[in-house]
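Examination of the molecular architecture
Residues per chain are reported as follows:
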Amino acid sequence: MKKTIKNLMIACVALIFTGTAIGAVDSLRGSQAIPEMSKEPAKMQQMVVKGGVDRSYKQQPPVIPHDIEKDKIDLKVNTCMNCHSEKTFKAKKAPKAGDSHYEDRDGKMLETLSARRYFCNQCHAPQANVAPLVENSFEGLK
Ligand code: HEC
Ligand code: HEC
């Protein structure tokens, strides 16, 4: 019993410390209380990288090497597919969305994009030239 109480106290202290550590990270949201409306983050210039950006690891969804400020993905339109679809990619000189994007959940190949891959920016993100929020020593593929 005594041991349980002691362990519980250690856990509480650890929690307080990690809590403070997390609080110290200056996130994009800033140090605002959760119920408060946050300010709109500053608009960042999205990077344009000719030839694309090297992947950091196998199977990484490649990052988007162009501006997507004007692109739109909703129930009716997906402007990414104006350039990345099986029908348009050649004319637009864009890479076709990967073959995996045409597979349904049972592994069957479809003729058109799988619904599982419809929301491109769920996996692919544009890039901006900004300092990382926290130090990161990750080293990817060279
Ligand atoms: C006007 C045409 C066009 C539209 C619209 C467009 N793209 Fe692209 N995209 C390109 C071209 C061209 C490239 C190749 C750029 C290069 O390599 O220099 C590219 C590259 C990419 C890549 C990198 C692929 C790789 O293998 O490195 C990703 C990911 C991507 N686009 C995702 C998107 C997403 C997501 C959207 C919608 C939000 C989108 N694109 C809208 C033309 C377009
Ligand atoms: C669930 C995550 C996910 C979604 C959603 C998704 N992708 Fe991808 N995408 C990936 C991964 C992972 C890869 C790399 C492996 C591969 O090619 O399948 C990739 C690769 C790509 C490539 C490079 C293909 C190549 O041969 O080099 C393009 C272009 C691309 N995606 C475009 C898109 C577009 C456009 C959409 C939306 C219509 C989209 N993706 C939606 C995960 C995703």
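In the block above lies the structure referred to throughout.
Residues numbered from 1 in each chain as written. Chains lettered and ligands numbered in written order. Predicted model: local features only at pLDDT ≥ 70, side-chain atom pairs only at ≥ 80, totals over all residues. Heavy atoms only, no water.

Some words on the overall build of the protein chain
- Summing up its helical and strand segments, the protein chain has 3 helices and 0 strands in all.
- In sequence order, the secondary structure elements of the protein chain are arranged as α-α-α.
- In the protein chain, buried positions account for 13% of the 142 residues.
- In the protein chain, of all internal contacts separated by at least 6 residues, the share reaching a separation of at least 24 is 42%.
- Within the structure as shown, the protein chain displays about 12600 Å² of accessible surface, and the carbon and sulfur contribution to it stands at 60%. (Helix = DSSP H or I, 4+ residues; strand = E, 2+ residues; numbered from the N terminus. Buried < 20%, exposed > 50% of the residue type's maximum accessible area, 1.4 Å probe, protein only. Contact = heavy atoms within 4.5 Å. Areas by Shrake-Rupley, 256 points an atom, 1.4 Å probe, with all protein chains shown as cover.)

Focus on the site of ligand 2
- For ligand 2, the set of nearby residues contains 23 residues, the closest of which are Ser-100, His-101, Cys-120, Cys-123 and His-124.
- The contact in question runs from an oxygen atom of ligand 2 to an N or O atom on the side chain of Arg-55, over 2.9 Å.
- His-124 places a side-chain nitrogen or oxygen 2.8 Å from a nitrogen atom of ligand 2.
- Its residues placed into classes, the shell around ligand 2 shows 11 nonpolar, 8 polar and 4 charged. (Near = heavy atom within 4 Å. Polar contact = N/O pair within 3.5 Å; in protein donor to acceptor, adjacent residues only side chain to side chain. Nonpolar A, V, L, I, M, F, W, Y, C, P; charged D, E, K, R; others polar.)

Some points on the coordination of the iron atom of ligand 2
- Within the protein, the atoms that donate to the iron atom of ligand 2 are His-101 (NE2) and His-124 (NE2), at distances of 2.0 Å.
- Around the iron atom of ligand 2 sit 6 donor atoms; with metal-centred angles ranging over 88 to 179°, the donor geometry is octahedral. Note that His-101 is positioned in the segment after α3 (89-92) and His-124 in the segment after α3, a separation of 23 residues in sequence.
- Owing to a relative accessible area of 18%, His-124 belongs among the buried residues under this scheme. (Donors = N, O, S within 2.8 Å, 3.2 Å for Na, K, Ca; no water. Tetrahedral: all angles 85-135°; square planar, octahedral: opposite > 155°, others 65-115°.)

Observations regarding the coordination of the iron atom of ligand 1
- Only His-66 (NE2) and His-84 (NE2) from the protein coordinate the iron atom of ligand 1, and they sit 2.0 Å from it.
- Coordination at the iron atom of ligand 1 is octahedral: its 6 donor atoms span angles of 88 to 179° at the metal. Here His-84 lies in helix α2 (residues 81-84) and His-66 lies in the loop between α1 (2-23) and α2, a separation of 18 residues in the sequence.
- On the basis of relative accessible area, His-66 is assigned to the partly exposed category, the value being 31%.

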